[in-house]
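Each chain is listed here by its residues.
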Amino acid sequence: MNPYKPAFTNAQLQDFAMEYGTPIYAYNLNSLEDRIAELRRALPSGAQIYHSLKSNPLPALIEASVNAGCRPEICSIGELNVALDTDANPALFLYSGPGKSEAEIQYAIANGVRQFSIESWVDLARLCSIAQRYPDFRIRCLLRVNPKVHINPGLAMSGSITQFGFEEEHLIAGKEKLIELPNNVSVTGFHIYYGTQIPTEDALVASFTEGIACAERLCELLSFKASVLDLGGGFPWAYAKEEEPINFDAIGARLESILAARNRTRDAELWFESGRYITASCGVLVTKVLDIKPAKDDHSFIVMDSGINHLGGMSGLGRVVRPYMAVKCSDNQLDTFVDKTKRIIVGPLCSPLDRLATNSVIDNVDIGDLLHIPNVGAYGLTASLIGFLSHPAPSEIVVRDNHVKAVYRLNTGHIKTNISGA
Ligand SMILES: Cc1ncc(COP(=O)(O)O)c(C=O)c1O
């Protein structure tokens, strides 16, 4: 694992803000490629890496990850369209998610997708009924499972009460349904995703170990031999603050004996998924100070031109513990978050929830200064409240080797449609 290195220098961020205005997201493709190389080095050889577009669907990032050998893991028509615009083979995409509509399954198959992660018997039946319209296309399914064994990952998405995947006992109870599949649909293996932001190498190894054990037990009970085992991921990266990454270089070696002891999944290809680890480090949000004003009880507010409409929207909704943002001034002074001062960094929205950081220590900050928030390439803009208050989306620029390669702006605002719904 490489030591932590910011995606950009302050001087670069200043230049971008000068050229493209603020607020602005800047992404460094070199950081993204470094992260993919690290994942590949850490994982067992021959493992496939799926890039989860949900962390950031910006087309240039996806193109870069595909060119670096990742396959797209997608959950919507929008994500699929981004992936289809790359050189990746859609037959190798993985279409997943707990609520796939008929329309999207149809669209996916018609556009070349052949692999689906199946979350329930209803999901399987829906896929089968659409697959039968395409008898010449071979559709492969992974059964997503919510294992009965709980481990303690970051944001748990398995091993607890969640809406994701089959419960093991329900899979066993309904196993007859697997015999009745149409000729062109087959189950090839299991998909087990324990959670996001799994904090340590030990916890990652534990989640993969449990995933393998779960697949082995299901293969036994279903009299089935898996050819694919998607062990998920949850590879962690700091969110909106600077931190040394955890070192998980030894994962591959640590899994070796467990992998060697497999029985019915022995020949299965191993797949892993990552969104956060691949994209988090490459993105920085640069925002400008619009106002500074004193407030009650020795507080003061620093009002920025960007808030929870552009970053951390899910924490603004109270759905995720509010991360404090590590905010850097243009002069490289790091916000240190001690309680003795009471500066609160807020966005421009008419909501008291619109806070980027509380109890910040930032001296010498003035109106017009730029602050930047590192490590927000994952779950940044598209995981935020972008429609709230109808401010325009920020520009997003993509940089490689110090050159700006692409500039985007997310479309927001309503488009009037035909009253008939067509
Ligand atoms: C099934 C699945 N795969 C992959 C991911 C991406 O996770 P991360 O961004 O932590 O790598 C998620 C995140 O919610 C997920 O639900």
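Quick caveat: nothing in here was measured; it's all calculated off a predicted structure. Within every chain, residues take consecutive numbers counted from 1 along the sequence as written. A pLDDT threshold of at least 70 governs which residues receive local features in this predicted model, and a stricter bar of 80 or more applies before side-chain atom pairs are shown or counted, although totals over entire chains, interfaces and linings include all residues. Side-chain descriptors were evaluated using all non-hydrogen atoms of the structure, hydrogens and water having been removed beforehand.

We now examine helix 3 (residues 59–67). Relative accessibility thresholds used throughout: buried, under 20% of the residue-type maximum; exposed, over 50%; partly exposed, between the two (1.4 Å probe, protein chains only). Where helices and strands are cited, they refer to DSSP runs of H or I of at least four residues and of E of at least two residues respectively, numbered from the N terminus. Buried within helix 3 are the following residues: Ala60, Leu61, Ile62, Ala64, Ser65 and Val66. Downstream of helix 3 by a residue or two, glycine 69 has a phi angle that is positive, lying close to 100°.

Next up on the list: the environment of asparagine 375. Mapped onto the secondary structure, asparagine 375 falls in the loop between strand 18 (370–373) and strand 19 (395–400). For asparagine 375 and glutamate 242, which are 133 residues apart along the polypeptide, the C-alpha to C-alpha distance reads 7.1 Å. Within the structure, the side chain of asparagine 375 is placed 3.3 Å from the side chain of tyrosine 4, a separation counted as a polar contact. For the purposes of these results, a polar contact is taken to be a pair of N or O atoms within 3.5 Å, where, inside protein, one atom must be able to donate a hydrogen and its partner to accept one; residues adjacent in sequence count only when each atom of the pair is a side-chain atom.

This brings us to the packing of helix 2 (residues 29–42) against helix 3. Structural elements are reduced to axes, namely lines fitted to C-alpha atoms, with helices fitted over the stretch in contact, and the angle between N-to-C directions of any two is expressed from 0 to 180 degrees. Their axes nearest at 10 Å, the elements helix 2 and helix 3 cross at an angle of 40°. Here helix 2 lies oblique to helix 3, going by the angle between them. The two elements helix 2 and helix 3 meet at a crossing, and its hand is right-handed. On helix 3, the residues that touch Leu29, Leu32, Glu33 and Ile36 of helix 2 are Ala60, Leu61, Ala64 and Ser65. Under this grouping Gly is polar, as are all residues other than the nonpolar Ala, Val, Leu, Ile, Met, Phe, Trp, Tyr, Cys and Pro and the charged Asp, Glu, Lys and Arg. Within the contact of helix 2 with helix 3, the residues separate by chemical class into six nonpolar, one polar and one charged. Throughout this description, any angle smaller than 35 degrees is read as roughly parallel, any larger than 145 degrees as roughly antiparallel, any in the 65 to 115 degree range as roughly perpendicular, and the remainder as oblique. By the definition used in this description, the sense in which the near helix is turned from the far one sets the handedness, with an anticlockwise turn below a right angle giving left-handed and a clockwise turn giving right-handed. By definition in these notes, contact holds between two residues if any of their heavy atoms fall within 4.5 Å.

Another aspect to go through is the site of the ligand. A molecule or strand has a residue near it when one of that residue's heavy atoms lies within 4 Å. The local shell around the ligand holds 13 residues, among which Tyr193, Thr196, Glu273, Gly275 and Tyr379 are the closest. A distance of 2.4 Å is found between a nitrogen atom of the ligand and a side-chain nitrogen or oxygen belonging to glutamate 273. Note that accessible areas follow from Shrake-Rupley with a 1.4 Å probe, and for residues the cover is restricted to the protein chains shown. Bound to the protein, the ligand loses 94% of the 400 Å² it would expose on its own.

Turning our attention to the pattern of salt bridges. What makes a salt bridge here is a side-chain nitrogen of Lys or Arg within 4 Å of a carboxyl oxygen of Asp or Glu, nothing more. Scanning the model with the defined rule gives twelve salt bridges in all. The partner of glutamate 38 in a salt bridge is arginine 35, and the shortest N-O contact between them spans 2.9 Å. Remark: arginine 35 and glutamate 38 occur in helix 2; sequence separation between them is three residues, near one turn of the helix. Put simply, arginine 133 and glutamate 102 hold a salt bridge, and the shortest N to O gap is 3.3 Å. Note that arginine 133 is positioned in the loop between helix 6 (121–131) and strand 6 (139–146) and glutamate 102 in helix 5 (residues 102–110), a separation of 31 residues in sequence. By relative accessible area, glutamate 102 is classed as partly exposed at 45%. In the salt-bridge network here, residues are joined through shared partners; they are Glu201, Asp202 and Arg254.

A pair of Phe, Tyr and Trp rings is counted when the ring centres sit within 6.5 Å of each other, with Trp represented by its six-membered ring. The angle between the planes then sorts it: under 30 degrees is stacked, over 60 is edge-to-face, the rest tilted. All chains considered together, the criterion is met by 13 aromatic pairs. A ring pair is formed by phenylalanine 208 and phenylalanine 235, whose centres lie 5.8 Å apart and whose planes are at 45°; its orientation type is tilted. On the criterion of sequence distance, the pair formed by phenylalanine 208 in helix 8 (residues 201–222) and phenylalanine 235 in the loop between strand 11 (228–233) and helix 9 (251–260) is long-range, its members being 27 residues apart. By relative accessible area, which is 3% here, phenylalanine 235 ends up buried. Ring-pair connections join several aromatic residues into one group, and the members of that group are Phe208, Phe235, Trp237, Phe248, Phe272 and Tyr277. By definition, being over a ring means that NZ of Lys or CZ of Arg is both within 6 Å of the ring centre and within 35 degrees of the ring normal. Over the ring of phenylalanine 137 we find arginine 114, and its NZ or CZ is 3.9 Å from the ring centre.

So, about the confidence of the model for the protein chain. On average, the protein chain scores 90 in pLDDT, and the residues at 70 or more come to 90%. Considering only residues more than four positions removed or in separate chains, one finds that residues 317–324, a stretch of pLDDT under 50, has 15 contacts. A low-confidence stretch, residues 332–340 stays under pLDDT 50, and its non-local contacts, those more than four residues away or across chains, total 30 contacts. The quantity known as pLDDT measures the predictor's confidence residue by residue, on a range of 0 to 100.

This brings us to unusual backbone geometry. For the peptide bond that leads from threonine 22 to proline 23, omega is -10°, which places it in the cis range. Phi angles above zero are rare outside glycine, and serine 223 is one such case at about 50°. The exposure class assigned to serine 223 is exposed, which follows from its relative accessible area of 59%.

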